[in-house]
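Results of the structural survey
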Amino acid sequence: MLSKDDAQTILKKVLSFSTADECEATLNGSTGGNVRSARNSISTAGAAENVALSVQARFGKRSGLATCNEFDEASLRRCVQRAEEIARLAPESPEYVPLLGPQTYLTSPGSFTARTAAITPDYRAEQIGASMALCEQKKLSSAGFFNDSAGFVAKRNSKGLEAYQQRSSVDFSITVRTADGTGSGYAIANYTDLAKFDAARLTRVAADKAASSVNAKAIEPGKYTVILEPAAAIDLLNNMMNAMDARNADEGRSFLSKKGGGNKKGEKVFDERVTISSDPTNPDVPDLTFAGDGRPQQKVTWVEKGVVKNLYTSRFWAQKSGVPDIPPPGGWMMAGGTQSTADLIKSTAKGILVTRLYYIRAVDPQTLLYTGLTRDGTFYIENGAIKFPVKNFRFNESPVIMLNNLEALGKPVRLGGNLVPPLKIRDFTFTSLSDAV
């Protein structure tokens, strides 16, 4: 973990070796470890530590990139020279834009915590051990993965741009199966601050689902009211957020493309309860305050009360089209309510609770139609209570249609650096049954 001063000292030296018209150097450093378990036994454990330098050199509209992870003067000089050699051989870029000059960035002190950076192998083993012991007591079989990392990103270029930020994270996921393999449960979480992490609590959630999902009944596929837990909603929502690119919309390749040209910015596309934003300084989901190309990450509202407010773009497309120059967000926050998943179940006359979706594949990228399978705990709801487990389904659904069929949103929780609420959706389309658990 290089300090800001140490990182910028290396970057200054790198730039001093450059003879290019423009040069940018970036350092990425990380340290961390992981433990993986299967069948209530630790199967692998590891640790990794690395600092890598990337150098981009430009001559006119030609650019070259080289990387290294050795920092003696000779290695740094060779890395710069290699980037310049590649740049001289490269074709001119038709979408060239000059490097950025000095920028002003927000501060996000919550993106790094010393507690997370100080995780030891003993701590990882204790957490996985407690998880496995709980499953052993219940005569269940578990497979878990614990991963932690801490690191920094530092950037500097010949135009005067300078950036530095530290970050940390801890991630845990667990699948629990019954001894006969007919019941399965799942839980997942990630945090910046280790103080919020509890492997045993997450394991109990997965274990209860596994025990409750045996003897699943087959019911007819069709359109159902569903409650998507955050772990089920996140992948479809992530796919939608990844599609909010202005260029794709302007060129007719997106669900946000308008017939006859242009995009749907300013139009109501979703239910009026849908509001999605990003804020790298949010204490629950702190993030980097600068993008990979050095652009500042600001507080941005992407969707407000169902209306598309902003689209992200490359610097080239922003300049060509005269639209706001907004980089894609690192993470996002979807506004929700105050209800828990249990509260959403109580308000449901008939429906299906979905723990998780997986094996998701695009059917029609332009409408964001996806297919995939439910997994690790799918349950039938009747009169406000879970009645029995059901066999898994294949679904065909678009998050765009889904967010127009909203019945309720629950309280958001953090997943994958995002804030995701449980969603109650009507007319969710299940097309066939799956025998997988």
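Let me sum up the structure you'll find in this document. If you're wondering where the values come from, they're calculated on a predicted model, not measured in any experiment.

Parameters at a glance
- Residues numbered from 1 in each chain as written.
- Predicted model: local features only at pLDDT ≥ 70, side-chain atom pairs only at ≥ 80, totals over all residues.
- Heavy atoms only, no water.
- Core = buried A, V, L, I, M, F, W, Y, C linked by side-chain atoms within 4.5 Å.
- Buried < 20%, exposed > 50% of the residue type's maximum accessible area, 1.4 Å probe, protein only.
- Helix = DSSP H or I, 4+ residues; strand = E, 2+ residues; numbered from the N terminus.
- Contact = heavy atoms within 4.5 Å.
- Axes fitted to C-alpha atoms, helices over the stretch in contact; angles between N-to-C directions.
- Parallel < 35°, antiparallel > 145°, perpendicular 65-115°, else oblique.
- Left-handed = near helix turned anticlockwise from the far one by under 90°.
- Nonpolar A, V, L, I, M, F, W, Y, C, P; charged D, E, K, R; others polar.
- 1 Å grid on protein atoms, 1.4 Å probe; cavity = no way out; pocket = protein on both sides within 12 Å on 5 of 7 lines; lining within 4 Å.
- Points joined across faces, edges and corners; volume = space filled by probe spheres on them.
- Domains from an automatic or database assignment.
- Pairing = 2+ DSSP bridges.

Quick notes on the nonpolar core
The tendency in soluble globular proteins is for nonpolar side chains to be buried side by side. Judged by nonpolar contacts, the single largest core of 56 residues is most densely connected at M244, F255, F270 and L423. Here this core takes 8 residues from helix α6 (residues 230-241), the largest share from any one element. If we ignore the near neighbours within four places in the chain, the residues touching F270 are M240, F255, V303, G306, V308, V400, L403 and N404. The next biggest cluster of nonpolar side chains, apart from the first, holds 25 residues, and it includes A57, F59, C79 and F152.

Looking at the packing of helix α1 (residues 4-16) against helix α2 (residues 73-89)
With their axes 9 Å apart at the nearest point, α1 and α2 run at an angle of 55° to one another. Compared by their axis directions, α1 and α2 come out oblique. Where α1 crosses over α2, the handedness of that crossing is right-handed. In this structure, α1 uses I10, K13 and V14 to contact α2, whose residues at the interface are E73, L76 and V80. The residue inventory of the contact of α1 with α2, partitioned by class, reads 4 nonpolar, no polar and 2 charged.

Observations regarding the layout of surface pockets
In this model, the largest pocket occupies a volume close to 690 Å³. For the lining of the largest pocket, the secondary-structure elements that each account for two or more residues are β6 (184-191), α5 (199-212), α6, α9 (341-346) and β17 (413-415). The element contributing the most residues to the lining of the largest pocket is β6, with 5 residues. Of the residues that constitute the lining of the largest pocket, the class distribution is 15 nonpolar, 4 polar and 7 charged. No fewer than three residues from each of domain 1 (4-210) and domain 2 (217-436) sit in the lining of the largest pocket.

Regarding the pairing of strand β19 (residues 423-434)
Two faces belong to every sheet, and in a regular strand the side chains alternate between them. Pairing of strand β7 (residues 222-228) with β19 involves 6 bridges; the strand directions are antiparallel. Counted as the bridge partner of V226 is I425 from β19. Pairing of strand β15 (residues 392-397) with β19, which is carried by 4 bridges, proceeds in the antiparallel orientation. Each residue of the ladder has a partner; that of F393, found in β19, is L433. By the bridge criterion, 3 bridges tie strand β16 (residues 406-409) to β19 in an arrangement that is antiparallel. Each residue of the ladder has a partner; that of L406, found in β19, is I425.

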